[in-house]
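Take a look at the letters that make up each chain.
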Amino acid sequence: MNIYVGNLPYSVTRDELREMFAKFGQVDDARIVLDREKGNRSKGFGFVEMPNAEEAQKAIDALNGQDIGGRQAVVNEARPRAPRF
């Protein structure tokens, strides 16, 4: 399951994001979206890929709304990316 993680502090790293979700199960990938125009600074959101839907849902339920670095995280199943033209 692909999970959207929003409202993250700009200081959160890929490894920290992975660790947050690894408490709930296997994490295949964790990535922070970067703003290239601002020197590769975090845009404040990222995505986590977890192969087990049950573990992923437990992580979503546990982490959504939690304080992460002083910000209330938004965690939910990622929507499919809209096609670009």
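Up top is the structure these notes are about.
Values in this document were obtained by computation on a predicted structure and should not be read as measured data.

A few words now on the overall build of the protein chain. Scanning the protein chain for helices and strands turns up two helices and six strands. Listing every helix and strand of the protein chain by position from the N terminus yields β-α-β-β-α-β-β-β. Rg of the C-alpha trace for the protein chain: 13 Å, near the compact-globule value of 12 Å for 85 residues, within the 12% margin. Structurally, the protein chain occupies a C-alpha span of about 35 × 35 × 20 Å along its principal axes. Each of the 85 residues in the protein chain was classed as buried or not, and the buried ones make up 33%.

Attention now moves to helix 1 (residues 14-22). Leu17, Met20 and Phe21 are the residues of helix 1 that are buried. Each buried residue of helix 1 sits inside an arc of 90° when the element is viewed along its axis, so together they form one side. Among the exposed residues of helix 1, those pointing more than 90 degrees away from its buried face are Asp15 and Glu19.

Examined bridge by bridge, strand 1 (residues 2-6) and strand 3 (residues 41-49) share four bridges and lie antiparallel to one another. Of the residues in strand 3, the one forming a bridge with Tyr4 is Phe47. Sheet analysis places strand 1 next to strand 6 (residues 74-77), joined by four bridges and oriented antiparallel. Among the inter-strand pairings, Gly6 is bridged to a residue of strand 6, identified as Val74.

For any pair of aromatic rings, the description rests on two quantities: the centre-to-centre distance and the angle between the ring planes. This model, assessed by the stated rule, comprises three aromatic pairs. Note on Tyr4 and Phe45: the rings are 5.9 Å apart at their centroids and 35° apart in plane angle, and the pair reads as tilted. Of this pair, Tyr4 sits in strand 1 while Phe45 sits in strand 3, placing them 41 residues apart in sequence. Taking relative accessible area as the criterion, Tyr4 reaches 27% and is therefore assigned partly exposed. Note on Phe45: relative accessible area 25%, which makes it partly exposed. Centroid distance Phe45 to Phe47: 6.1 Å. Interplanar angle 85°. Geometry classified as edge-to-face. Pairwise contacts between aromatic rings join Tyr4, Phe45 and Phe47 into one cluster. The aromatic ring of Tyr10 is capped on one face by Arg71, whose charged end is 5.5 Å from the ring centroid.

So, on to the nonpolar core. Generally speaking, soluble globular proteins have nonpolar side chains that are buried together. Within the largest apolar cluster, 19 residues are counted, with the highest numbers of intra-cluster contacts made by Ile3, Val5, Leu17, Phe21, Val48, Met50 and Val75. Broken down by secondary-structure element, the contributors of at least two residues to this core are strand 1, helix 1, strand 2 (29-35) and helix 2 (53-63). Counting residues per element, this core draws most heavily on helix 2, which supplies four residues. For Met50, the contacting residues outside a window of four places in its chain are Met1, Ile3, Phe21, Phe24, Gly25, Gln26, Val27, Glu55, Ala56 and Ala59.

Thresholds, definitions, all that
Counting restarts for each chain, with residues numbered from 1 along the sequence as it is written. Only residues with pLDDT of at least 70 are given local features in this predicted model, and only at 80 or more are side-chain atom pairs given and counted; all residues enter the totals for whole chains, interfaces and linings. Water and hydrogen atoms were dropped before computing side-chain values, which therefore reflect all heavy atoms in the structure. The secondary structure listing takes helices from DSSP runs of H or I that are at least 4 residues long and strands from runs of E that are at least 2 residues long, numbered from the N terminus. Here the radius of gyration uses the C-alpha set of atoms, whereas the globule reference equals 2.2 Å times the residue count to the power 0.38. Note on exposure labels: buried denotes an accessible area under 20% of the residue type's maximum, exposed denotes more than 50%, and partly exposed covers the range between, all computed with a 1.4 Å probe on protein chains only. It is the directions from the helix axis to the C-beta atoms that the arc portrays. At least two DSSP bridges between two strands are required for those strands to pair. Here the aromatic set is Phe, Tyr and Trp, taking the six-membered ring for Trp, and pairing holds for ring centres within 6.5 Å; pairs whose planes are under 30 degrees apart are stacked, those over 60 apart are edge-to-face, and all others are tilted. As a reminder, the over-ring test applies to NZ of lysine and CZ of arginine, requiring each to be within 6 Å of the ring centre and within 35 degrees of the ring normal. Here the nonpolar core consists of buried residues drawn from Ala, Val, Leu, Ile, Met, Phe, Trp, Tyr and Cys, with membership extended through side-chain atoms lying within 4.5 Å. Whether two residues are in contact is decided by their heavy atoms, any of which lying within 4.5 Å being enough.

Any link to function would need more than the numbers given here.
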